[in-house]
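# Structural overview
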Amino acid sequence: MKRIVRGSILHFVADPATASAGAAWRYWDDGALIVEDGKVARVTDHMALQPADMAAAAIDDYTGKVIMPGFVDAHIHYAQVDVIASYGTQLLDWLERYTFPAERKFADPAHAAAIAEFFLDELLRNGTTTAAVFPTVHKASVDAFFAAAQKRKLRMLAGKVMMDRNCPDFVRDDVESAEADNRELIARWHNKDRLTYTLTPRFAPTSTPAQLALTAQLMREFPDLHMQTHLAENRDEIRWVRELFPDAAGYYDVYAKIGLTGARSLFAHCVHMSDAEFALMAAAGDSIAFCPTSNLFVGSGLFDLKRARAAGVRVGMGTDVGGGTSYSMLRTLAEAYKVLQLNGINLDPMRAFHLATLGGADALGVAEKIGNFAAGKEADFVVLDLAATPVLARRTSIAGTLEERLFALMTLGDDRSVFATHILGEPAYRRDAA
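If you're wondering where the values come from, they're calculated on a predicted model, not measured in any experiment. (Residues numbered from 1 in each chain as written. Predicted model: local features only at pLDDT ≥ 70, side-chain atom pairs only at ≥ 80, totals over all residues. Heavy atoms only, no water.)

### Quick look at the packing of aromatic side chains
Under the defined criterion, the tally for this structure stands at 18 aromatic pairs. Here Tyr62 and Phe419 contribute two aromatic rings whose centre-to-centre distance is 6.0 Å and whose plane-to-plane angle is 75 degrees, an arrangement assigned as edge-to-face. Taken together, the positions of Tyr62 in strand S4 (residues 57-69) and Phe419 in strand S15 (residues 418-423) put the pair 357 residues apart, joining distant regions of the chain. Exposure class is identical for Tyr62 and Phe419. Each is buried. (Phe/Tyr/Trp six-rings, centres within 6.5 Å; stacked < 30°, edge-to-face > 60°. Helix = DSSP H or I, 4+ residues; strand = E, 2+ residues; numbered from the N terminus. Buried < 20%, exposed > 50% of the residue type's maximum accessible area, 1.4 Å probe, protein only.)

Quick look at the structure:
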């Protein structure tokens, strides 16, 4: 199947923060994205198309709209769909009061399946095509999520949450059950279609050293598995880790000593980190998920993107729903801009959209598959409407440059700005058909 998708096309080939001026992205004001069998064949000017290009091709004409690679969410909890907008607590109390009771319900396969359907539809409605996802401790939650993702042909990373201490019994496992469950789920889902199994110890306080060691053992045994967890989100959490792991040099050292760092390791938040820890992360090849709406809403603090990137750590953007406040990557970029302003840093729009696309794919270790429109990559993309609301339409109509239009989009845009989302070239969501 061949598709030709017309519109203003933007993608990134390097990080605008480090590449020379103008070398980080490619832009076609009236472009044509040619997709064959679900993969990018090439991008060209629409006027350069030849009759042979058009032969037997389905045509999607998005003239006047901006086409980008699908957004990549580096950290999100699908089991917290019903926790979003829960009032009045910080991290540790928030887990006890809202999160664990909500996650208890995922022992029921029917509940897990219903939430997975809603969750993935919401991601597509917001232009997100790939995410690193936390289910719950229950196998049913993983099965439901991967089944729903596979049905939609999505590239997704997820795995059973592990917690064998400091949590209620109804969301607790143990080392033996965690090993058995993970092995079963790996066999069932890892590398099936576009799915990547990701080992998921929730965070150091809820896993014993033995369970963390099991995670490291599985990573060694299955060298293409990924790992995700939380790190240095909240000051009380950091003090708690110091009490639980008195022999560690710091929070990051807990994971490093046990063998959970490296190119397949993704750490959410990393708000309270030293320069030395960032340097160690860079040397190990770790990645960070920057979750601004969550860090503000749960009162965790302000992530320092400048220090992380200066050290050489890969960074992607995460919504973190339900601690975060929106599934929209556009809303998340707007909050990232504000967080960084408070740290004396300006987040320009090109760098922001790189973080949400190719940067996110790199942070998740899947940049060879997605993240831009390089020939041969999977053709997941989002179509963005710069006139989706009266305010956005007025602001973009007087913008003098592409960068100015994109900054208005990331500041004023939200789910209404997503006109369509395509998976492997095929429409998976259209606003005018919803």
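That shown, we press on.
### Examining the sheet that holds strand S16 (residues 426-430)
Taking strand neighbours across the sheet as the criterion, the seven strands line up as S3-S2-S1-S4-S14-S15-S16 in an open arrangement whose pairing is mixed. Sheet topology places strand S3 (39-45) and S16 at the edges, where each strand pairs with a single neighbour. For this sheet the average axis-to-axis angle between neighbouring strands, irrespective of direction, equals 35 degrees. Examined bridge by bridge, strand S1 (residues 2-12) and strand S2 (residues 25-36) share 10 bridges and lie antiparallel to one another. Note on S2: the bridge partner recorded for Lys2 is Glu36. Sheet strands touched by helix H3 (residues 109-125): S15 and S16. Its angle to S15, the strand with the most contacts, is close to 115 degrees. Across the face of the sheet, helix H13 (residues 349-356) comes into contact with S1, S2 and S4 while running at roughly 130 degrees to S1. (Pairing = 2+ DSSP bridges. Axes fitted to C-alpha atoms, helices over the stretch in contact; angles between N-to-C directions. Contact = heavy atoms within 4.5 Å.)

### Focus on the nonpolar core
Tyr78, Phe119, Met156, Leu231, Met281 and Phe353 are the most contacted members of the largest nonpolar core, which totals 123 residues. Ranked by the residues each element gives to this core, the list is headed by H3, at seven residues. For Met281, the residues in contact, after removing those within four places along its chain, are Leu231, Tyr252, Phe267, Cys270, Met273, Asp286, Ser287, Ile288 and Val313. Residues Ile9, Val35, Val43 and Val383 belong to the second largest nonpolar core, which totals 15 residues. (Core = buried A, V, L, I, M, F, W, Y, C linked by side-chain atoms within 4.5 Å.)

### Quick look at the pattern of salt bridges
Applying the stated criterion to the full structure yields 34 salt bridges. With a shortest N-O distance of 2.8 Å, Arg3 and Asp60 are connected by a salt bridge. Of this pair, Arg3 sits in strand S1 while Asp60 sits in strand S4, and the two are 57 residues apart along the sequence. Among the residues examined, Arg3 registers a relative accessible area of 9% and is labelled buried. For Arg188, the salt bridge is made with Glu184, and the minimal N-O distance between the two is 3.1 Å. Separated by four residues within a single helix, Arg188 and Glu184 lie in helix H5 (residues 175-189), roughly one turn from each other. Overall, Arg188 belongs to the partly exposed group, its relative accessible area being 33%. When salt bridges that share partners are traced, they join Lys139, Asp143, Lys160, Asp173, Asp181, Glu184 and Arg188 into one network. (Salt bridge = Lys/Arg side-chain N within 4 Å of Asp/Glu carboxyl O.)

### Points about H13
Taken across its eight residues, H13 has eight buried, putting it largely inside the fold. Within the sequence span of H13, burial applies to Pro349, Met350, Arg351, Ala352, Phe353, His354, Leu355 and Ala356. The N-cap residue of H13 is Asp348: its side-chain oxygen and the backbone nitrogen of Met350 are 3.0 Å apart. (Polar contact = N/O pair within 3.5 Å; in protein donor to acceptor, adjacent residues only side chain to side chain.)

### Topic: the pairing of S15
The element S15 is extensively covered by neighbouring structure, given that six of its six residues are classed as buried. Pairing between strand S14 (residues 381-384) and S15: four bridges, direction antiparallel. When the sheet's bridge partners are listed, Val383 is paired in S15 with Ala420. Strand direction decides the pairing type here: S15 and S16, joined by four bridges, are antiparallel. Bridge pairing links Thr421 to Tyr429 in S16. Between the antiparallel neighbours S15 and S16 lie two residues, among them Leu424 with a positive phi of about 50 degrees.

### So, unusual backbone geometry
Residue Gly322 follows Val321 across a cis peptide bond; omega there is 5 degrees. Examined against the element boundaries, Gly322 turns out to sit in the loop between strand S13 (314-317) and helix H12 (329-342). One non-glycine residue, Asp37, lies in positive phi territory at about 55 degrees. Take Asp37: it is sitting in the loop between S2 and S3. By relative accessible area, Asp37 is classed as exposed at 63%. The backbone phi angle of Asn191 is positive, close to 65 degrees, even though this residue is not glycine. Among the secondary structure elements, Asn191 is positioned in the loop between H5 and strand S9 (195-201).

### Quick look at the side chain of His77
Looking at the secondary structure, you find His77 in strand S5 (residues 71-77). You can call His77 buried: its relative accessible area is 3%. Within the structure, His77 has its side chain in polar contact with the side chain of His75 (distance 3.3 Å). Apart from residues lying up to four places away in sequence, His77 is in contact with Phe119, Phe134, Arg202, His230, Asp320, Val321 and Gly322.

### Quick notes on the packing of helix H4 (residues 139-151) against H5
Taken N-terminus to C-terminus, the directions of H4 and H5 make an angle of 10 degrees; their axes are 11 Å apart at the nearest point. The orientation of H4 with respect to H5, classified from their angle, is roughly parallel. Residue-level inspection shows Lys139, Val142, Asp143, Phe146, Ala147 and Gln150 of H4 in contact with H5, the latter providing Asp181, Glu184, Leu185, Arg188 and Trp189. Of the residues in the contact of H4 with H5, the class split is five nonpolar, one polar and five charged. (Parallel < 35°, antiparallel > 145°, perpendicular 65-115°, else oblique. Nonpolar A, V, L, I, M, F, W, Y, C, P; charged D, E, K, R; others polar.)

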